[in-house]
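One letter stands for each residue in the lines below.
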Amino acid sequence: MTINPSLRPARSSKFSKALKNYGNNLIPVIVCVMAALTVWQLLCMSPDSQMPGPIKVIQQTWILVLDPFSVGEAGTGVGFLLLASLQRVLIGYMLAAVAGIAIGVLLGVSQFMRTGVDPIVQVLRTIPPLAWLPIALGIFRDSRPAGIFLIFITAIWPIVINTALGVQQIPQDYNNVAKVLKLSGKEYFFSILVPSTVPYVFGGLRIGIGLAWLAIVAAEMMTPGDGIGFQIWDAYNSGGDLGMSKTIIYVFSTGLVGLALDRLVGWIGSRITSDH
C-alpha cells in the first residue's frame, strides 16, 4: 500500500523548531519574572513601605532607560553610565587575560615556578577587591587607573589558575607524540598546548569577567566618577522615592550587563572549543 505524500504529516522546518525551542525557553522566564514583579509590587503596597514598587520605579525612571545617553535634570542615562564602567572593565580585563594566560602557561609547564609561585597566588587571590583600592589610589593618585588596576588584580587569578590547570591536564601521550615527532616549540604550542587548554582557559575567563564587573561597581561606589557604581551610591544619598527608584534601576542594569558579559564570554568559548 502506498501512502499519498499529501497525507503524510509535514516535516517541521528548522525555523519552526527553532521558534518552538525559543518559545519553550522564553515562556518560563516571562512567567517567573512577572510573578516576581507581582510579589514585589504587593510587598510595597503598604503605606509604611520604604521601597517603591516596580510600577513607581518605571514611572520615575523610564526616561533614563528610553534615553540611555541623556544627562539632564532627571538624572544620567543608564547607557552612559554603563558605557563608562564597561570601558574600564574592558581595559583591565584584557590586561588580566593576557598576563593571566601567560603566567598560567608558565606555571603549568614549570614545576619549579609552580612550587615557588603558588603560595604567592594563593595569598593574593584571597584578598578582597576593595582592600586593593587604597593601595591602587596611593600608587596612581587617580580613580580611573586605580579602577582599572582593581579590575586587573581581581580578574587575573581565576585565569592564572585555570590556565595552569589546563596545561597540567595535557595527556602524557600527547607530550610523548610531540617528542617522537620532534615538534618545535611553536608547533607544540599551536598543535597541542592551545587545543588542550582552551576549555580551561575560557572557564577562567568566564569567572574573571564576572569578578571584574563586581569589582568595578564596588570600586566606583568608593570613588567619584562617571561610572554606574558611583551613580548608585549618589542616587541612594539623594534620598526619597526618586533616589531609591534610580538606585533600583541602576542596580538591575548592572545585573543585566553582568549576565550579558558572562553569556558573551561563554558563547565565544563554546565557538572556539567546538572548532577544536
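Predicted, not measured: the structure shown is a model, and the values here were computed from it.

To continue, consider the overall build of the protein chain. If you tally the helices and strands in the protein chain, you get ten helices and two strands. In sequence order, the secondary structure elements of the protein chain are arranged as α-α-β-β-α-α-α-α-α-α-α-α. The C-alpha radius of gyration computed for the protein chain amounts to 25 Å, which surpasses the reference 19 Å derived for 276 residues by more than 25%, pointing to a less compact arrangement than a globule. Based on the C-alpha atoms only, the size of the protein chain along its principal axes is roughly 85 × 75 × 30 Å. Buried positions account for 35% of the 276 residues belonging to the protein chain. A total accessible area of about 17,000 Å² is found for the protein chain, and carbon and sulfur atoms account for 68% of it. One finds the centroid of the 18 positive side-chain charges in the protein chain at a distance of 16 Å from the centroid of its 13 negative side-chain charges.

Generally speaking, nonpolar side chains in soluble globular proteins are found buried as a group. Val89, Tyr93, Ile151, Leu205, Trp213, Ile228 and Tyr250 are the most contacted members of the largest nonpolar core, which totals 47 residues. Where this core is concerned, the elements lending two or more residues are helix H2 (54-66), helix H3 (78-109), helix H5 (129-140), helix H6 (143-168), helix H8 (185-222), helix H9 (228-238) and helix H10 (240-275). Those residues within four positions of Trp213 in sequence are excluded, and the remaining contacts are Leu82, Ser85, Leu86, Val89, Thr254, Val257, Gly258 and Leu261. With six residues, the next largest nonpolar core counts Val105, Val167, Ile170 and Ala178 among its residues.

Moving on to the pattern of salt bridges. Under the defined criterion, the tally for this structure stands at two salt bridges. Of the charged contacts in the structure, one is a salt bridge between Glu220 and Arg88, with a shortest N-O distance of 2.6 Å. Highlighted residues: Glu220 in helix H8 and Arg88 in helix H3, separated in sequence by 132 residues. With a relative accessible area of 4%, Glu220 lands in the buried category. The exposure class of Arg88 is buried, given its relative accessible area of 8%. Between Arg206 and Asp262 there is a salt bridge, with the nearest N and O atoms lying 3.1 Å from each other. Separated by 56 residues along the polypeptide, Arg206 in helix H8 and Asp262 in helix H10 bring together distant segments of the chain. Overall, Arg206 belongs to the partly exposed group, its relative accessible area being 35%. Exposure remark for Asp262: the relative accessible area of 24% places this residue in the partly exposed category.

The subject of this paragraph is the packing of aromatic side chains. Here the structure, examined in full by the defined rule, presents four aromatic pairs. Judged by centre distance (6.2 Å) and plane angle (75°), the rings of Trp132 and Phe149 are edge-to-face. Taken together, the residues span a long stretch of sequence, with Trp132 in helix H5 and Phe149 in helix H6 at a distance of 17 residues. With centroids separated by 5.8 Å and ring planes inclined at 50°, the aromatic side chains of Phe140 and Phe149 adopt a geometry described as tilted. Taken together, Trp132, Phe140 and Phe149 form an aromatic cluster joined through their ring pairs.

On to the side chain of Thr61, then. With respect to the element layout, Thr61 can be found in helix H2. The buried category is assigned to Thr61, whose relative accessible area is 1%. Among the polar contacts listed, one links the side chain of Thr61 to the backbone oxygen of Val57, at a separation of 2.5 Å. In this structure Thr61 touches Ser245, Lys246 and Ile249, once residues within four positions along its chain are discounted.

Time to look at the environment of Thr38. Among the secondary structure elements, Thr38 is positioned in helix H1 (residues 14-43). Along the primary structure Thr38 and Gly53 are separated by 15 residues, whereas in three dimensions their C-alpha atoms are 9.2 Å apart.

Now for the side chain of Glu220. A polar side-chain atom of Glu220 sits 2.6 Å from a polar atom in the side chain of Arg88. Within the structure, Glu220 has its side chain in polar contact with the backbone nitrogen of Ile228 (distance 3.2 Å). Every residue in contact with Glu220, bar those within four places of it in the chain, is listed here: Ser85, Arg88, Gly227, Ile228, Gly229 and Phe230.

Right, let's talk about the environment of Glu187 for a bit. Mapped onto the elements of the fold, Glu187 is located in helix H8. According to the relative accessible area criterion, Glu187 is partly exposed, its value standing at 40%. Leave out the neighbours within four places in its chain, and Glu187 touches Lys182 and Ile192.

Relative to each other, H5 and H6 sit at 135°, their axes nearing to 9 Å. Here H5 is positioned oblique relative to H6, judged by the angle of their axes. Crossing angle aside, the handedness with which H5 passes H6 is right-handed. Contacts from Pro129, Trp132, Leu133, Ala136, Leu137 and Phe140 of H5 reach H6 at Ser143, Pro145, Ala146, Phe149, Leu150, Ile153 and Thr154. Along the lines of polarity and charge, the residues of the contact of H5 with H6 split into eleven nonpolar, two polar and no charged.

Reading guide: rules and limits
- Counting of residues starts from 1 at the beginning of each chain's written sequence and follows it residue by residue.
- Reporting of local features is limited, given that this is a predicted model, to residues whose pLDDT is at least 70; pairs of side-chain atoms are given and counted only at 80 or more, and all residues count toward the totals for whole chains, interfaces and linings.
- In computing side-chain values, all of the structure's heavy atoms are included and hydrogens and water are not.
- A helix here means a DSSP run of H or I that spans at least four residues, while a strand means a run of E at least two residues long, and both kinds are numbered starting from the N terminus.
- Atoms counted for the radius of gyration: C-alpha only. Globule rule: 2.2 Å times residue count to the power 0.38.
- Buried, partly exposed and exposed residues are distinguished by accessible area as a fraction of the type maximum, computed with a 1.4 Å probe on protein chains only: under 20%, between the cut-offs, and over 50%, respectively.
- Each accessible area value is a Shrake-Rupley result obtained with a 1.4 Å probe; residue values ignore everything except the protein chains displayed when judging cover.
- When charges are counted, Lys and Arg are positive and Asp and Glu negative, with His and the chain ends excluded.
- In this description, the location of a charge corresponds to atom NZ of lysine, CZ of arginine, CG of aspartate or CD of glutamate.
- Here, nonpolar core means buried Ala, Val, Leu, Ile, Met, Phe, Trp, Tyr and Cys residues that are tied together by side-chain atoms lying within 4.5 Å of each other.
- Pairs of residues are marked as contacts when any of their non-hydrogen atoms sit within 4.5 Å.
- Here a salt bridge means any side-chain nitrogen of Lys or Arg lying within 4 Å of a carboxyl oxygen belonging to Asp or Glu.
- Only Phe, Tyr and Trp rings take part, Trp by its six-membered ring, and two of them pair if their centres are within 6.5 Å. Stacked means planes under 30 degrees apart, edge-to-face means over 60, and tilted covers everything else.
- Side-chain atoms alone can form a polar contact between residues adjacent in sequence; in general such a contact is a pair of N or O atoms within 3.5 Å, and within protein one must be able to donate a hydrogen while the other accepts it.
- Inter-axis angles, ranging from 0 to 180 degrees, are taken between N-to-C directions of lines fitted to C-alpha atoms, where helices are fitted over the stretch in contact.
- To sort the angles, those under 35 degrees are grouped as roughly parallel, those over 145 as roughly antiparallel, those from 65 to 115 as roughly perpendicular, and the leftovers as oblique.
- Two helices that cross are described as forming a left-handed crossing if the nearer one is turned anticlockwise from the farther one by less than a right angle, and a right-handed crossing if clockwise.
- When residues are grouped by polarity, Ala, Val, Leu, Ile, Met, Phe, Trp, Tyr, Cys and Pro land in nonpolar, Asp, Glu, Lys and Arg in charged, and all others, Gly among them, in polar.

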